[in-house]
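So the chains spell out like this:
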Amino acid sequence: EQTETITYDMLNGLSKRSFPLCMRHLHEQMVQQHHLKHLGRLQYRLFLKGMGLSLDECMKFFRHEFVTNGSMNPAQFEREHVYNIRHAYGQEGKHTSYTPYSCMKIIQDPPPGVNEHHGCPYRHWDTQTLKQRLTNNYDINEETVNEIIDKTKNHHYQIACQIFFEYQHKVKNYGVGINHPNQYFNESRKLLTG
Ligand code: SF4
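Residues numbered from 1 in each chain as written. Predicted model: local features only at pLDDT ≥ 70, side-chain atom pairs only at ≥ 80, totals over all residues. Heavy atoms only, no water.

Some remarks on the domain arrangement of the protein
How big an interface is tends to be reported as the loss of accessible area on association of its parts. Taken as a whole, the protein is organised into domain 1 (8–88) and domain 2 (103–193). For domain 1 and domain 2, the distance between their C-alpha centres works out to 21 Å. On the domain 2 side, the residues contacting the 23 residues of domain 1 number 26 residues. Taken together, both faces of the contact between domain 1 and domain 2 bury some 2,000 Å²; the carbon and sulfur share is 64%. Contact with domain 2 buries area across many residues of domain 1, yet Ser18, Leu21 and His25 alone supply 30% of it, more than any other trio. Inspection of the domain 1/domain 2 interface yields 0 salt bridges. The set of elements that each furnish at least two residues to the side of domain 1 that touches domain 2 consists of helix 1 (11–18), helix 2 (21–33) and helix 3 (38–50). In terms of residues, the side of domain 1 that touches domain 2 owes the most to one element, helix 2, which gives 8 residues. Tallied by class, the residues present in the side of domain 1 that touches domain 2 amount to 12 nonpolar, 6 polar and 5 charged. (Domains from an automatic or database assignment. Contact = heavy atoms within 4.5 Å. Buried area = accessible area lost by both parts, 1.4 Å probe. Salt bridge = Lys/Arg side-chain N within 4 Å of Asp/Glu carboxyl O. Helix = DSSP H or I, 4+ residues; strand = E, 2+ residues; numbered from the N terminus. Nonpolar A, V, L, I, M, F, W, Y, C, P; charged D, E, K, R; others polar.)

Have a look at this one:
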């Protein structure tokens, strides 16, 4: 189980080693654009909560990107984001603790539009984009890229995700079926720190 104490400054490193592609992409957009649209924020925030990032650290992370590195003024951040972040952690409204999204939900939910970055890359990116990014941004070798593309063409998105996992962790036939981004993360931490 989760034993590491995670702080927001660890997210860059963790995203490279242990995030599934959907969350790695959201993290990169956060850090590069200092912004994420609504559905991306929801998907990413709940994942962060699920991986054990505390409300405090989550708040620091969003403030750091939106205000310190981005162009949002602090008052706007207070007005538009503090409540929503607390809400995701069950600290506002009905005090419901919102559950991080499963792969099934992410795959079936409305696809990302222009300038939106939520969703599942294997489901929602076109083949050319997926191929290019896997090769150029994530250094995946050609054989593995082709395997992944092949799975996505046959609508086996979670198997494509598993191939990425195995490549990233240098394991073969590891046998984990990927069904949740947080499960991906936990399996990764088990392998890398266990
Ligand atoms: Fe994320 Fe699941 Fe898609 Fe993998 S299969 S990228 S964990 S939504």
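Alright, that's what it looks like, and here's the rest.
Details of the site of the ligand
Around the ligand lies a shell formed by Pro20, Cys22, Cys103, Ile106, Cys120, Pro121, Tyr122, Gln158, Cys161 and Pro181. At a threshold of 2 Å from the grid points, most atoms of the ligand map onto the largest cavity. The set of elements that each furnish at least two residues to the shell around the ligand consists of helix 6 (103–108), helix 7 (121–124) and helix 10 (157–168). For the shell around the ligand, a count of residues per class yields 9 nonpolar, 1 polar and no charged. (Near = heavy atom within 4 Å. 1 Å grid on protein atoms, 1.4 Å probe; cavity = no way out; pocket = protein on both sides within 12 Å on 5 of 7 lines; lining within 4 Å. Sits in = over half its atoms within 2 Å of the grid points.)

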